[in-house]
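# Descriptive analysis of the structure
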Amino acid sequence: MRRNIVAVLVIVLIILQIMSLIRINNLQNELRGARDYLSHLLSNQSIEINKIYENVDSTLKREASIIDSYEYSFGVPDKDKLTIPVTFNILPKETKGDTSVTLYVSGASATMSRNNTSFTATLPVYIFDTFEAKVVLADSGIEKTESLDVRENLRERFLPKIYADFEDESGVAFSKKGGELSGECRRKGKLRMDVNLAQNNKIEKARFVLEVDGNIVSEGPLKTDFWTDIDEKLTLSAGQTLTLSVVATDSFGLIHKVLLDKLVLDENADILHETDDRIWIGEVIITDSDGKVLYAPQYELQ
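Before going into details, it helps to say that this report is about the structure given with it.

Rules used in this analysis
- Residues numbered from 1 in each chain as written.
- Predicted model: local features only at pLDDT ≥ 70, side-chain atom pairs only at ≥ 80, totals over all residues.
- Heavy atoms only, no water.
- Helix = DSSP H or I, 4+ residues; strand = E, 2+ residues; numbered from the N terminus.
- Rg over C-alpha atoms; globule rule 2.2 N^0.38 Å.
- Buried < 20%, exposed > 50% of the residue type's maximum accessible area, 1.4 Å probe, protein only.
- Contact = heavy atoms within 4.5 Å.
- Salt bridge = Lys/Arg side-chain N within 4 Å of Asp/Glu carboxyl O.
- Core = buried A, V, L, I, M, F, W, Y, C linked by side-chain atoms within 4.5 Å.
- Patch = residues over 30% accessible without salt bridge, like charges linked within 9 Å, V, L, I, M, F, W, Y side chains within 5 Å.
- Areas by Shrake-Rupley, 256 points an atom, 1.4 Å probe, with all protein chains shown as cover.
- Lys, Arg positive; Asp, Glu negative; His and termini not counted.
- Charge placed at Lys NZ, Arg CZ, Asp CG, Glu CD.
- Pairing = 2+ DSSP bridges.
- Axes fitted to C-alpha atoms, helices over the stretch in contact; angles between N-to-C directions.

## Overview of the overall build of the protein chain
A tally of helices and strands in the protein chain yields 2 helices and 19 strands. Compactness check: the protein chain gives a C-alpha radius of gyration of 33 Å against a globular reference of 19 Å for 302 residues, more than 25% above the reference. Buried positions account for 33% of the 302 residues belonging to the protein chain. Counting contacts in the protein chain only where the partners sit at least 6 residues apart, residues at least 24 apart contribute 61% of the total.

This is the structure we're talking about:
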């Protein structure tokens, strides 16, 4: 009988423990839910506060501004000079008979033509310059300056954007010959180029290029949005560098080059795996037809 009582007590204790664990788990879930809800409320409150600050800041800027409104538009690009004409129309809040307005765009300036209470001017902007603008309003010898909020990347707007990828299937990239400072290098795989077209500008021709120390040793045509199979073998010697790139020419005659792979041999014909310029892999460098670099990403090497 005593054994039965003990067994029953054990069972009861087990049930109570299970119920306690369930209750603890429920409480933990409730606490977690309350914490998430509180975090959500705090996040929403922070967003609302930021909106209030932004609205107040925007209102103060509008009240302090000397301009009631402005707009700008782009004209037809000059392919030879690589400039884009941009026309600004400015409506100051107040004008007088002797009011004059000077427009400054990316380092260039022009006196704006007056039409009743509005002012207009057109200036060419170099496609690789930072697009920024300001106006200087002169009234009775008093000048007031205001920067205009223009957010345009002219290079991305007027030049096609190139994306390229190389799926390496080479296996062993370099096989060094025994007792020699040279060996066989193989580049086998699939190469693909995609393009985001720009306004009045497209890719006219494209090719893949293999270079050794900057000299082309092999090349072949590429089509947009298609995979191209390549299988190239060549001999490399100590100190040489092999690169695989995509080279594309746009409607302006500019050359877009994307470095996809690089192999560098040291003085012992061993592969250098860490080189500073590997940061350029996948980046686009734009040059003119003479090879002058017009655009390249800026990096600070550590």
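So much for the structure itself; the text now carries on.
## Some points on the pattern of salt bridges
Per the stated rule, a full pass over the model turns up 10 salt bridges. Between Arg157 and Glu152 there is a salt bridge, with the nearest N and O atoms lying 3.1 Å from each other. Relative accessible area serves as the criterion here: at 33%, Arg157 is assigned to the partly exposed category. The class of Glu152 is partly exposed, set by a relative accessible area of 25%. Note that Arg187 and Asp261 form a salt bridge whose closest N and O atoms lie 2.6 Å from each other. With Arg187 in strand β11 (residues 182–196) and Asp261 in strand β16 (residues 255–265), the pair connects residues that are 74 residues apart, well separated along the chain. No difference in accessibility class separates Arg187 from Asp261, as the two residues are buried.

## As for the nonpolar core
Membership of the largest hydrophobic core comes to 57 residues, with the highest contact counts inside it found for Phe88, Val105, Met112, Ile127, Phe131 and Leu236. Top element by residues in this core is strand β12 (residues 203–212). It accounts for 5 residues. Ignoring anything within four residues of it in the chain, the contact list for Met112 reads Phe88, Ile90, Val101, Thr102, Leu103, Phe119, Thr120, Ala121 and Val135.

## A look at a nonpolar patch on the surface
Side chains of Ile11, Val12, Leu13, Ile15, Leu16 and Met19 sit close together on the surface and give an oily, nonpolar patch of about 570 Å² of accessible area. Positionally, Ile11 belongs in helix α1 (residues 2–64). Looking at Ile11, the relative accessible area reads 49%, which means it is partly exposed.

## Here's the deal with a negative patch on the surface
Where like charges cluster on the molecular surface, the negative patch consists of Asp165, Glu167, Asp168 and Glu169. Mapping Glu167 onto the fold places it in strand β9 (residues 161–168). Using a relative accessible area of 38% as the deciding quantity, one classes Glu167 as partly exposed.

## Focus: the sheet that holds strand β1 (residues 67–74)
One open sheet accounts for 4 strands, arranged β1-β2-β6-β5; its pairing is antiparallel. Strand pairing shows two members of the sheet lacking a second neighbour, β1 and β5 (113–115), which therefore form its edges. Here the average twist between neighbouring strands, direction ignored, is 25°. Pairing geometry for strand β2 (residues 83–92) and strand β6 (residues 118–126), over 8 bridges, is antiparallel. Of the residues in β6, the one forming a bridge with Pro85 is Pro124.

## Remarks on the sheet that holds strand β8 (residues 142–148)
An order of β4-β3-β7-β8 is seen for the 4 strands of this open sheet, with the pairing classed as antiparallel. Each edge of the sheet is formed by a strand with only one pairing partner; in this case those strands are β4 (108–111) and β8. On average, each strand axis in the sheet is tilted by 20° relative to the strand beside it, whichever way the strands run. Judged from the 6 bridges that link them, strand β3 (residues 100–105) and strand β7 (residues 133–139) form a sheet pairing that is antiparallel. Residue pairing across strands places Thr102 opposite Val136, the latter belonging to β7.

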